[in-house]
Structure formats: C-alpha cells, structure tokens
Amino acid sequence: MNDLITVWQRSTVGELSWISPSGPTGIPVVPLMLRDRVCVALPYSMADLADTLRGGHAAFSVTDQGAGGRTALVGVGPVDVVEDLEGVEFVESLVEQEALKHPPTRLRGDSLIARRENWWWVPRVIVSLTSVEDTHELHPRTRSTDALLVRDRSGRPVVEVVTADQWSDHSGASIDLWARGGTLLEGTDEPVFTFSHQYSLDFERWERWSRTGRLHGESLTVEQAEGAPHGTGPSGPLPPYGLLERYANHRSLARACRRGIAKGERRRPSE
C-alpha cells in the first residue's frame, strides 16, 4: 500500500480500470490523494461513466515511466464513489494537488475568480480506493505502441502492459499482442479492453486510444476501435491545439460538464 501511495503521489498521470456492465474498460486520470486514500476526481462530463464503478472494484495504475518515475505499479480493490456536486471536497482537499499536475485545472480553478468563471469544472465525482487487495509492479509503457490490457476476473479488473506491431482499427481484424513482462497472455476467447493515452505538453489535448474485442491465446480480435497511437513515446507528445481548437474544446467540455451536473442535481434527493 505504501509503495502505491508513493508512486501515485509523485505521478502526473495514471489509469483507472474496472469492469463496467458492458465489460472491461479504463480511462486516463490525474492521480490524487484524499487524506490517506488514492483517488481521482472526475469532472461531471464523465459522471455517467463513473456511475458504473459503484459497488465494484477498480485498478489504479501508473504505467507511464516518464510521469511516475522508474516504477510502474497497480493496486486493486473496492472503491467508494461520491458525488461532490458543490465541489466542496474538491476545493478543500484536491484542487491544489490537481492544479500542480494538470495545467488546465490551474487555469480553471487555481483562484476564486477562475473557479467562479469556470464553475462547471469544480463539481466532481470522487472515486477513492477504500482498501488494497492486491498490488504489484508492471512493465512501464515506454513506447507509443504500448497499452494496458484489462481483463475480467470474477468482477475484478486485472491489468498488464502489452504491445503490438500494429493496432488495426478495422472490426474483425486480428492483432498479435505481446506482454511486456515476458509472460504469455493465454486468452480464453474472453472480452478484453486495451487502451493507452497521449497528451500535449499543456494537457489541453489528452486523448485515449483503445481497442475492444476478444482475446484468444495471444491474438486480439477487434470489435470496436477508438483513435490510434501517436508519436514515439508512451504518451505522445501530441501537438497542442491552435487557438480556435482550444476555444472549441473548452466550450465542448463546459457543455458536457453542465449536462452532467444537471443530471446529478436531478438525481439528488430533495430535502
């Protein structure tokens, strides 16, 4: 547990993986600490996705060698999902941590004026690891073709780092995978999710690419695809947005967060 906390605290980016109703999934996240718990604070644009974590287990991993140091690590256990609709917990305990690691939060929430102007960025869904049932080292992602493989083991996510010569985005394509740790994957025609992420230096662009499908032996049969590896490193780099792209992305994110907040307020029991 102490090793996980140490690596999580010093990392700029990490991953959260779990088993949703539709199967294994995962997203890139900003690693934070809520008192003595590792956690993430998801904006309300991701509230529907966060809702699929309730009552389940998740894997909190750091695999980008450049972001977290030499050690790639994963911890798995049950999670607590809390809607912080007013952003009280986020502002009191988490915003300063996130601003240090995530430049967009520095712009949107590092002062009272910024938080008022970007009020939609303050409400969060906080997902914290309540206890660690398993923790172990992983091979770090050191190149753009490396990705996390997420599998379902009795409702608990199991993750490992894999790579491929090519990541076809065609449905029905077969992709040969290799575990970076040197072991055989030995898939049993099971549903799996593979993903990685890349970002620009200013973090205005932070994109996930993924492949959903079934793993048989060492081969992944693609059912759905999103994006593709970019650049030569584990996380890019992606070129930054131009001025118009930055403005459009900001407005799109604001709309998505406001929609999520409105849904959250409707879910909240009336007093």
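Structure: see above.
Predicted model, so just to flag it, every value in this text is computed and none were measured.

**Remarks on the environment of Val74**
Step number 1: The residue Val74 is located in strand β6 (residues 72-84) in this model.
Step number 2: Residues Val74 and Glu160, spaced 86 residues apart in sequence, show a C-alpha to C-alpha distance of 9.0 Å.
Step number 3: Ignoring sequence-local partners within four residues, the contact set of Val74 consists of Leu4, Ala59, Phe60, Ser61, Asp134, Thr135, His136, Leu138 and Val159.

**Details of the environment of Ser210**
Step number 1: Position of Ser210 among the secondary structure elements: in strand β14 (residues 206-217).
Step number 2: When the C-alpha positions of Ser210 and Arg143 are compared, they lie 15 Å apart, and in sequence the two are 67 residues distant.
Step number 3: Leave out the neighbours within four places in its chain, and Ser210 touches Phe193, Thr194, Phe195, Gln224, Ala225 and Glu226.

**Focus: the pairing of strand β15 (residues 219-226)**
Step number 1: Here strand β11 (residues 174-176) runs beside β15; their pairing, made up of 3 bridges, is antiparallel. By the bridge assignment, Asp176 is partnered in β15 with Ser219.
Step number 2: With 7 bridges connecting them, β14 and β15 associate as antiparallel partners. Among the inter-strand pairings, Arg211 is bridged to a residue of β15, identified as Ala225.
Step number 3: Hairpin remark: β14 followed by β15, antiparallel, with 1 residue in the connecting loop.

**Brief notes about the pattern of salt bridges**
Step number 1: Taken as a whole, this structure holds 20 salt bridges when the rule is applied.
Step number 2: The salt bridge involving Arg151 is made with Glu160; its shortest N-O contact spans 2.7 Å.
Step number 3: Within the structure, one salt-bridge network assembled from shared partners comprises Asp51, Arg54, Glu83 and Arg267.

**Quick word on the packing of aromatic side chains**
Step number 1: In total, this model carries 7 aromatic pairs according to the counting rule given.
Step number 2: Between Tyr199 and Phe203 the ring centres are 4.3 Å apart and the planes differ by 15°, which places this aromatic pair in the stacked class. The exposure classification of Tyr199 matches that of Phe203, with both residues buried.
Step number 3: Three or more aromatic residues link up through ring pairs in this structure, and these residues are Tyr199, Phe203 and Trp206.
Step number 4: Above the plane of the ring of Trp121 lies Arg108, whose end atom (NZ or CZ) is 4.6 Å from the centre.
Step number 5: Positioned above the aromatic ring of Trp121, the side-chain terminus of Arg124 is 4.5 Å from the ring centre.

The rules behind the values
- Residue positions are counted from 1 within each chain, in the order its sequence is given.
- It should be noted that, the model being predicted, local features are given only for residues of pLDDT at least 70 and side-chain atom pairs only at 80 or more, the latter also being counted only at that level, while totals for whole chains, interfaces and linings use all residues.
- Hydrogens are left out, water is left out, and the side-chain values use all remaining heavy atoms of the structure.
- In this text, helices come from DSSP runs of H or I with a minimum length of four residues, and strands from runs of E with a minimum of two, each type numbered from the N-terminal end.
- The contact rule is simple, with two residues in contact once any of their heavy atoms fall within 4.5 Å.
- Being paired, for any two strands, means DSSP has found at least two bridges between them.
- Salt bridges are defined by distance alone: a side-chain nitrogen of Lys or Arg within 4 Å of a carboxyl oxygen of Asp or Glu.
- Any Phe, Tyr or Trp ring, taking Trp's six-membered ring, that has another such ring centre within 6.5 Å forms a pair; planes under 30 degrees apart are called stacked, those over 60 apart edge-to-face, and the others tilted.
- Accessible area is worked out with a 1.4 Å probe on protein chains only. A residue is then buried under 20% of its type maximum, exposed over 50%, and partly exposed in between.
- Placement of a charge over a ring requires the Lys NZ or Arg CZ to be within 6 Å of the ring centre, with the centre-to-atom vector within 35 degrees of the ring normal.

Any link to function would need more than the numbers given here.
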